[in-house]
Amino acid sequence: MSSTCTNYGSVNGSSCACPVGFGGSTCSQPACGGNIFQGTSRPLVSLPSGNSFPNLTAAGCSCEDGWTGTGCNVCQTANACQAGFSSVIQSSGSSIPGSLPTGQNDTLVCNTAPKVYAVGAMSCQVQNPTLQALFPLTSNLNVLRTFDPSLTPLPNITGFGTNGTMYAQLFYDGEEQFYCASDSCTQDLDSSSGASAWNCDNLKCTCIPNATFCGGIPLSNLTGTINMLSGTVSVSCDAPSSSTNTATCSFKQAVITSVFGSAGLSLDGCTFGECVRQSVIDAASGNSSTTSGTDNGGSSLSGGVIAGLAVVGSLICLALLFLLWGWLIRRKARRTGLTSSNRTGGAAVEWSDISYFVPSASQSTWFGGFARRRKEAKGDFADQKVVLDNVSGQVQPGQMMAILGPSGAGKTTLIEILAGKSKMGYTTGIVTFPSISGSSAPRIGFVPQQDVLPPMLTVQEALFFVARLRLPENVPDSEKRARVDDVIDKLGLTQIRNTRIGDGEKRGISGGEMRRVSIGLELVARPDVLILDEPTSGLDSVSASKVAKVLHGLAHDPENPTAVIASIHQPSSQLFQTFDQILLLAHGRALYSGPGGLAPAQYFSAQGIPYQEGYNVADYLLDVASDPPVALFQSTGGSQISNDQVIPSNTKERIDDDVNASEKGHAQRSIVLGNLDGSPALQKDVQPQRSKQRSSKYSATFLTQLEVLSAREWKILKRDYTLFFTHVAVASVLGVFCGGLYFHTDITIAGFQSRVGCLFFLGALIAFSSLSALYHVVEIRPLFLRERSASYYSPTAWLLSRFLFDVLPLRVIPTIIVSSITYWMAGLADDAAHFFKFLFILVLYTLAMTLFNFLLACLFSNGGIAILLSALSALYQMTFAGFFVHLNDIPPVLRWLQWLCPLKYTLEALAVNEVGSGLMIQDTLQGVPVNVSASLIMNLLFGFGSNNYYRDVLVLFAFIAGFGVGVIGIVWLKVRERR
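In the annotation of an unreviewed UniProt entry, the protein chain is listed under the name ABC transporter domain-containing protein and assigned to Somion occarium. Of the comments in the UniProt record for the protein chain, the one headed Subcellular location (unreviewed entry) reads "Membrane".

As for the overall build of the protein chain
Per the secondary structure count, the protein chain includes 30 helices and 27 strands. When burial is assessed residue by residue, the protein chain has 51% of its 979 residues classed as buried. Across the protein chain, the fraction of contacts at a sequence separation of at least 24, relative to all contacts at a separation of at least 6, is 72%. For the protein chain, the accessible surface area stands at approximately 43,500 Å², while carbon and sulfur atoms represent 57% of it.

Structural notes on the sheet that holds strand β20 (residues 444-447)
Across the sheet, which stays open at both edges, the six strands sit in the order β20-β21-β22-β18-β23-β24 with mixed pairing between neighbours. If you trace the sheet from one side to the other, it starts and ends with β20 and β24 (589-595), each paired once. The sheet shows a mean angle of 15 degrees between the axes of neighbouring strands, taken without regard to direction. The pairing of strand β18 (residues 400-404) with strand β22 (residues 563-567) spans four bridges and is parallel. Directly across from Met 401, in β22, lies its bridge partner Ile 565. The strands that helix α11 (residues 511-523) touches are β20 and β21 (529-533); relative to β20, the one it contacts most, it runs at about 165 degrees. Lying on the sheet, helix α12 (residues 541-555) is in contact with β18, β21 and β22; it crosses β18 at an angle near 135 degrees.

With respect to the packing of helix α25 (residues 832-859) against helix α30 (residues 949-973)
Axis separation between α25 and α30 bottoms out at 9 Å; the angle between their running directions is 25 degrees. Of the possible angle classes, the one that applies to α25 and α30 is roughly parallel. For α25 against α30, the interelement crossing comes out left-handed.

Details of the pattern of salt bridges
If you walk through the whole model with that rule in mind, you get 24 salt bridges. With a shortest N-O distance of 3.6 Å, Lys 490 and Asp 557 are connected by a salt bridge. Pair noted here: Lys 490 is in helix α10 (residues 477-491) and Asp 557 is in the loop between α12 and β22, with a separation of 67 residues, a long-range link. Taking relative accessible area as the criterion, Lys 490 reaches 45% and is therefore assigned partly exposed. Among the salt bridges present, the one from Arg 802 reaches Asp 806, with a minimum N-O distance of 3.2 Å. Taken together, the residues Arg 802 and Asp 806, both in helix α24 (residues 795-826) and four residues apart, mark about one turn of the helix. No difference in accessibility class separates Arg 802 from Asp 806, as the two residues are buried.

Focus on the packing of aromatic side chains
Tallied over the full model, the rule gives 39 aromatic pairs. When the ring of Tyr 592 is compared with that of Phe 604, the centres are 6.1 Å apart and the planes differ by 50 degrees; the resulting orientation is tilted. With Tyr 592 in strand β24 and Phe 604 in helix α14 (residues 599-606), the pair connects residues that are twelve residues apart, well separated along the chain. For Tyr 592, a relative accessible area of 1% gives the class buried. Relative accessible area serves as the criterion here: at 0%, Phe 604 is assigned to the buried category. An aromatic cluster is defined as three or more aromatic residues linked by ring pairs; in this entry it consists of Phe 752, Phe 760, Phe 883, Phe 884, Phe 942 and Phe 944. Its end group placed over the ring of Tyr 356, Lys 423 keeps NZ or CZ at 5.2 Å from the ring centre. One cation-aromatic arrangement involves Arg 481 over Phe 464; the distance from NZ or CZ to the ring centre is 4.1 Å.

Here's the deal with the environment of Arg 978
Within the fold, Arg 978 resides in the segment after α30. In this structure Arg 978 touches Ser 422, Lys 423 and Met 424, once residues within four positions along its chain are discounted.

A closer look at the packing of α24 against α30
Between α24 and α30, the shortest axis-to-axis distance is 10 Å and the interhelical angle comes to 135 degrees. On the basis of the axis angle, α24 is oblique to α30. Once α24 is placed against α30, the crossing between them reads as right-handed. Touching Pro 795, Thr 796 and Leu 799 of α24 are Val 967, Ile 968, Val 971 and Trp 972, all from α30. Residue composition of the contact of α24 with α30, grouped by class: six nonpolar, one polar and no charged.

Brief notes about the side chain of Arg 802
By relative accessible area, Arg 802 is classed as buried at 2%. Those residues within four positions of Arg 802 in sequence are excluded, and the remaining contacts are Glu 713, His 776, Ile 780 and Val 807.

With respect to empty space enclosed by the protein
A probe matching the size of a water molecule, rolled over the atoms, marks out where space remains unfilled. This model, assessed by the stated rule, comprises eleven cavities of 30 Å³ or more. By volume, the largest cavity amounts to about 100 Å³. Val 20, Thr 70, Asn 73, Val 74, Ala 121, Met 122, Ser 123, Asn 142, Val 143, Leu 144 and Gln 169 are the residues that line the largest cavity. The set of elements that each furnish at least two residues to the lining of the largest cavity consists of β8 (119-126) and β9 (139-146). Partitioned by chemical class, the residues of the lining of the largest cavity number six nonpolar, five polar and no charged.

Description of the UniProt feature "transmembrane region" (unreviewed entry) in the protein chain
In the numbering adopted here, UniProt assigns the feature "transmembrane region" (unreviewed entry) to residues 305-328, 721-742, 754-778, 799-826, 838-860, 867-887 and 953-973. Helix makes up 100% of residues 799-826 and strand 0%, with an end-to-end C-alpha separation of 37 Å. Regarding residues 867-887, the helix share stands at 62% and the strand share at 0%, and the terminal C-alpha atoms are separated by 28 Å.

What to know about unusual backbone geometry
If you check the backbone angles, Tyr 8 has positive phi at about 60 degrees while not being a glycine. With respect to the element layout, Tyr 8 can be found in the segment before β1 (10-12). Positive phi outside glycine occurs at Cys 27, with the angle close to 65 degrees. When its relative accessible area of 0% is taken as the criterion, Cys 27 is described as buried.

Cut-offs and rules
Residues numbered from 1 in each chain as written. Predicted model: local features only at pLDDT ≥ 70, side-chain atom pairs only at ≥ 80, totals over all residues. Heavy atoms only, no water. UniProt positions renumbered as here; feature names shortened; annotations may be inferred. Helix = DSSP H or I, 4+ residues; strand = E, 2+ residues; numbered from the N terminus. Buried < 20%, exposed > 50% of the residue type's maximum accessible area, 1.4 Å probe, protein only. Contact = heavy atoms within 4.5 Å. Areas by Shrake-Rupley, 256 points an atom, 1.4 Å probe, with all protein chains shown as cover. Pairing = 2+ DSSP bridges. Axes fitted to C-alpha atoms, helices over the stretch in contact; angles between N-to-C directions. Parallel < 35°, antiparallel > 145°, perpendicular 65-115°, else oblique. Left-handed = near helix turned anticlockwise from the far one by under 90°. Salt bridge = Lys/Arg side-chain N within 4 Å of Asp/Glu carboxyl O. Phe/Tyr/Trp six-rings, centres within 6.5 Å; stacked < 30°, edge-to-face > 60°. Lys NZ or Arg CZ within 6 Å of the ring centre and 35° of its normal. Nonpolar A, V, L, I, M, F, W, Y, C, P; charged D, E, K, R; others polar. 1 Å grid on protein atoms, 1.4 Å probe; cavity = no way out; pocket = protein on both sides within 12 Å on 5 of 7 lines; lining within 4 Å. Points joined across faces, edges and corners; volume = space filled by probe spheres on them.

See the structure below:
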């Protein structure tokens with residue numbers, strides 16, 4: 001009994017049931033002449049002695065008339081089919097198996113088209129230069145396709161296998177090398193052209209041991225490759241030529257296409273033959289397993305394209321839903337928002353026992369910080385530097401206070417604490433805002449010492465920008481414009497309202513005008529209290545006088561009196577006289593807090609420090625504070641000077657009446673910063689300051705914030721058009737340079753390396769050019785910090801506007817330009833699908849690198865560090881991208897770094913996209929012609945996977961999402977004003 005049957009024959013008792021064209025006890029002997037109707041009586045090639053194999057060429061086998069192909073299994077004429085069938089019936093004397101019903105045409109014909117009706121045979125020549133270089137003699141492939149074996153003239157004789165099966169054998173110089181089988185086959189037809197395709201699953205192949213392909217030549221042993229063939233297989237054939245009656249076919253399978261290209265293994269001179277009854281052909285017109293030419297007339301969308309369209313559609317739908325949601329919220333806010341009010345000022349400011357501590361230099365290190373935190377937990381602040389020590393004071397609406405003192409006295413620190421700025425150290429004390437309802441936070445306007453303004457906007461545009469963001473949503477734009485006009489008129493800026501602000505590089509308005517614009521930014525928002533940090537520093541006497549006049553007019557406005565507090569470094573005599581209240585600091589302690597004018601000089605004269613008549617009182621006070629007597633600290637104790645000592649009685653009565661009326665009408669708004677009186681129990685209550693003085697809600701809705709920010713960015717982009725056109729011009733020049741460098745690369749192995757080099761160059765170019773995004777964020781960071789600290793807008797709205805007007809015009813568009821020019825000049829895959837997939841990858845990489853540089857710019861306030869890390873990361877990506885070093889040759893201890901490299905996924909996706917177009921390498925190595933798929937060379941040279949395109953797309957999306965979330969998180973948590 002036969003235990004094994006070659007060629008996937010089936011065991012039948014003591015013998016094997018063999019595929020058509022084979023016989024013998026193990027199905028290893030090919031037929032030698034004869035025809036397919038003879039079955040087991042058909043002559044076979046005899047088994048030679050020794051280790052050789054049955055050889056059709058050596059046996060001198062030839063085909064009968066009407067039969068062709070290797071093994072003579074392919075009919076050519078109807079006479080051949082009828083003669084072969086008749087001879088078998090006459091010799092057996094039996095009836096026709098499977099006879100047809102009366103009236104049907106049972107005439108046998110020979111179907112020579114690629115389409116199969118029952119069981120069809122085909123025989124082809126294998127033509128491939130690379131394969132022929134290794135195996136120079138003739139190679140032939142026989143394929144038996146079984147559509148419905150019950151319809152063949154002699155089932156189990158002229159047919160083999162079940163429905164939808166396919167069997168194939170490859171012969172080299174007449175000797176069988178390997179055989180394959182598959183099932184679950186479907187037949188796809190193009191009725192208009194006559195082409196046919198058989199698509200099957202569950203492929204399996206067996207290499208015949210010691211055959212020429214399978215170890216007969218050790219250096220070219222294909223056993224491992226052939227035996228691992230599996231999965232799906234496709235045999236596609238064009239319509240036969242009318243002159244030669246032969247066709248061109250291709251044999252496609254994953255491993256084969258990776259070696260020989262997407263077209264698979266080319267088969268030439270294919271002949272088809274199938275003996276079948278005419279009635280079967282007539283009845284097959286309604287065969288459901290075939291497809292018409294109309295069905296195959298267009299190409300269907302791939303799964304990746306469908307997934308991409310689904311993602312894009314989802315993003316568009318989310319964007320539309322977001323806009324609708326924002327519009328509804330804004331509509332509600334404009335209808336039900338707070339009632340518009342022209343009220344400004346009206347709030348007093350009182351502070352009591354304000355103290356501020358910062359770590360000493362030794363405690364700023366890591367180990368010192370650990371020890372400091374342990375002491376702070378116990379309430380021990382003995383080793384910390386005291387910046388402010390129990391400072392108290394008050395300012396009423398309609399009063400203007402100057403905080404004086406030498407450098408280092410604590411003026412700016414006190415100003416920032418009163419303004420509710422976030423401080424790095426520890427603050428204690430109480431800040432109170434009488435006349436402010438307990439349910440609302442005071443509106444505090446803070447003008448920093450430096451003028452941080454948008455240089456490309458005009459004065460009117462800068463103020464209207466603030467009005468749209470800081471005034472309530474329900475206030476119409478006409479009223480906001482009126483407010484801006486009123487502020488411009490009060491500040492004396494009418495002559496320059498349409499002049500750009502400018503900066504150090506582009507000349508605009510003067511320094512004094514900039515200071516008034518900075519004040520105007522706060523006045524537009526109608527503050528209850530206005531606090532300024534050295535508003536006259538750096539200004540000439542005329543400009544300082546104008547600023548002081550503006551502040552004095554604001555404080556003493558008869559309709560809306562406002563408390564104004566300003567730190568002044570060294571005021572002139574005229575400037576000093578404009579202040580109603582004076583607070584003098586020395587070494588963090590208050591030496592004087594009371595009325596201005598000559599009152600401070602009279603007070604200190606009474607303390608034994610003489611004052612010379614006619615001398616500038618401000619200079620006198622600074623002299624006193626520069627080296628104050630110890631007794632002066634003991635006499636003041638940080639408390640406010642009594643009004644009875646320095647204020648006339650009628651003035652005192654007026655102030656007391658104002659305070660009492662205010663307290664009766666409104667509850668006090670208090671901010672408890674902590675207490676520190678020296679006792680250990682109270683020291684434990686000292687906490688870092690967390691300002692609650694201004695509302696956490698923004699005046700404008702998110703959609704309005706985005707709209708206003710986008711309008712500003714669009715104006716800047718239009719006015720600074722050189723930035724955009726420089727990016728476009730540089731992208732065009734680099735595209736021409738890169739395209740010229742790799743102009744029309746050939747399809748040799750060296751040419752393919754050049755193609756990947758071109759792709760690598762584009763990726764490296766994007767990595768380094770995105771550094772400009774980092775610099776731009778560093779450049780505008782101070783403006784963002786100032787505007788965020790004043791609650792202009794949400795950080796998310798700012799980031800989104802940066803994306804719309806920085807990433808798209810300055811990053812994405814230049815990337816598309818340089819990539820498009822290079823792509824067509826370099827002669828890459830010349831079809832639209834691969835071009836747009838190429839652009840898609842580069843745009844994704846551009847977004848990833850831009851967000852990465854945003855992340856560095858937000859993470860490090862020092863722009864030099866951020867730029868250094870970005871450049872180093874670009875070099876790291878170039879190292880692990882797979883171009884300079886084969887990915888599999890990287891030492892295992894470092895190999896994992898490739899998975900953190902966005903450029904690796906970008907380069908792999910670009911290379912896979914290029915070879916996926918069917919790129920074939922045609923070259924000659926040491927006289928041996930090479931004609932293989934570029935995907936094989938890609939894997940050998942760079943280690944890229946042929947099916948990794950969509951995986952790389954998902955990974956790039958993950959990088960974009962990760963960097964985006966990181967940027968949003970860092971901007972929200974870290975990029976905030978800390979003083």
